[in-house]
Amino acid sequence: MLPEDINLIRRTLPDALQIDYYAGREAPWTLSQLMTGDARIADLRSGPLARFLSRPLVRDIVARSGDGRLRHMDVLAAGDAARAGALPGVSAAGRAALDAAYKGPWRDYVVTFESWGTGRDDWRWGQMSRPGGNLVVQLGFPSDHGPLFGQYLATKDRSRFEFAGHPVRTEGRPTLAWVRLDVDLARGIALIEEVQSDWIRFVGEEVDWMAEAQPRARELRTLQAYRARLVERYGREWSSVAMLAALIVLRDEIGVHEVYMHTADTGERLKACGGPRSLYTRLPKSFGFRLVRDVPPFLEKPRKKEIGRLKRSGDPVFWRLSFGRDGAA
């Protein structure tokens with residue numbers, strides 16, 4: 001991705017976006033982007049979007065559909081409940097899903113943006129798939145983390161859980177996770193290079209180190225309590241929120257219509273960075289990505305030799321998600 005393209009995108013993006021997250025929001029939001037209109041539920045059950053019908057917020061709509069059809073407007077409202085009041089035509093089934101969304105806690109995550117890898121001669125050092133750079137979508141903690149952090153740890157301790165060599169914010173809300181993106185503006189195609197979080201992992205590593213080196217330290221008990229609350233509150237959802245935030249930015253702010261994502265294997269081969277395998281299997285699958293033998297077109301030329309080897313293997317090489325095409329990949 002050319003540095004000038006990153007700069008162009010960043011000039012068009014706001015300094016920060018608030019991403020309101022409630023449990024299960026990713027399912028109706030993603031489904032609403034993949035549906036092209038109202039659909040018969042029986043048809044959806046036999047197609048690639050079937051996996052979304054059993055998700056809690058979507059299930060509420062399906063269960064209350066009296067005519068066997070799933071209305072796109074209801075799904076859209078459940079996926080963006082904060083703006084649902086302005087959406088016309090939400091049925092009683094859609095309103096029931098909204099009620100379910102409002103019953104649980106909402107978290108006001110903040111999204112900011114950064115550049116990665118630009119200005120470096122060795123683009124492989126940046127664990128990128130091609131020369132240039134990446135756009136970084138940074139997911140900042142929601143506001144309920146501040147009181148939690150202050151309850152257990154002094155503010156000055158923040159740097160213990162951040163690595164300056166990674167694309168994290170050092171001011172404002174700490175970065176819980178980030179997503180690195182390679183975007184082809186001309187084609188409207190993007191590649192998710194990486195989904196990663198340091199904070200929770202670093203807290204866990206420090207707890208483990210102190211448990212061995214200073215097992216009787218009072219600070220150990222405090223840190224253990226903080227880790228327990230941290231994992232309970234954000235441990236299961238951070239990757240889904242990070243992916244949701246990245247897709248919202250790509251779809252609604254940049255206008256991308258097709259998104260690729262590395263598998264763990266292609267990540268290792270093309271950028272020497274596979275990451276936790278579950279992030280490159282469970283996560284894209286939960287958002288409706290499908291394994292394909294296609295590759296992002298903008299990698300064909302700069303990585304011709306490696307791409308050729310991947311294709312000759314006969315195995316799927318990337319995950320792919322196409323918006324607005326009923327899940328077709």
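Glancing now at the pairing of strand 4 (residues 106-116). Where burial is concerned, most of strand 4 is hidden: eight out of the 11 residues are buried. Sheet topology places strand 4 next to strand 5 (residues 134-140); seven bridges connect them, and they run antiparallel. What sits directly across from serine 115, in strand 5, is leucine 135.

This next bit is on the side chain of serine 115. Relative to the elements of secondary structure, serine 115 occurs in strand 4. On the accessibility criterion, serine 115 (19% relative accessible area) is buried. Of the polar contacts made by the side chain of serine 115, one reaches the side chain of arginine 10; its length is 3.1 Å.

Right, let's get into the confidence of the model for the chain. Confidence along the chain averages 91 in pLDDT terms, with 95% of residues attaining 70 or more. Across the chain, element-level confidence peaks in strand 5 with a mean pLDDT of 98 and bottoms out in helix 13 (residues 304-312) with 85.

Bringing the packing of helix 8 (residues 199-213) against helix 9 (residues 218-235) into the picture now. Interhelical geometry of helix 8 versus helix 9 gives an angle of 150° and a closest axis separation of 10 Å. Between helix 8 and helix 9, the angle falls in the class roughly antiparallel. Of the two elements, helix 8 crosses helix 9, and the hand of that crossing is left-handed. Together, Trp199, Ile200, Val203, Gly204, Glu206, Val207, Asp208, Met210 and Ala211 of helix 8 and Glu219, Leu220, Leu223, Gln224, Tyr226, Arg227, Leu230, Val231, Tyr234 and Gly235 of helix 9 make up the contact between the two elements. Partitioned by chemical class, the residues of the contact of helix 8 with helix 9 number 12 nonpolar, three polar and four charged.

We now examine the sheet that holds strand 8 (residues 258-262). Strand order in the open sheet formed by eight strands is 1-4-5-6-7-8-10-9, and the pairing between neighbours is mixed. With partners counted over all chains shown, the strands left at the sheet margins are strand 1 (17-22) and strand 9 (290-292), one partner each. Across the sheet, the mean angle separating the axes of adjacent strands is 35° when strand polarity is ignored. Bridge analysis of strand 9 against strand 10 (residues 318-322) gives three bridges, and the strand direction is antiparallel. Pairing of valine 292 across the sheet is with phenylalanine 318, part of strand 10.

For leucine 57, the position within the fold is in helix 4 (residues 56-63). In this structure, the C-alpha to C-alpha distance between leucine 57 and phenylalanine 161, residues 104 residues apart in sequence, is 34 Å. With residues near it in sequence (within four places) discarded, leucine 57 still touches Tyr22, Ala23, Gly24, Arg25, Pro28, Ala78, Ala97, Ala100 and Ala101.

Parameters at a glance
Residues numbered from 1 in each chain as written. Predicted model: local features only at pLDDT ≥ 70, side-chain atom pairs only at ≥ 80, totals over all residues. Heavy atoms only, no water. Buried < 20%, exposed > 50% of the residue type's maximum accessible area, 1.4 Å probe, protein only. Helix = DSSP H or I, 4+ residues; strand = E, 2+ residues; numbered from the N terminus. Pairing = 2+ DSSP bridges. Polar contact = N/O pair within 3.5 Å; in protein donor to acceptor, adjacent residues only side chain to side chain. pLDDT = per-residue confidence, 0-100. Axes fitted to C-alpha atoms, helices over the stretch in contact; angles between N-to-C directions. Parallel < 35°, antiparallel > 145°, perpendicular 65-115°, else oblique. Left-handed = near helix turned anticlockwise from the far one by under 90°. Contact = heavy atoms within 4.5 Å. Nonpolar A, V, L, I, M, F, W, Y, C, P; charged D, E, K, R; others polar.

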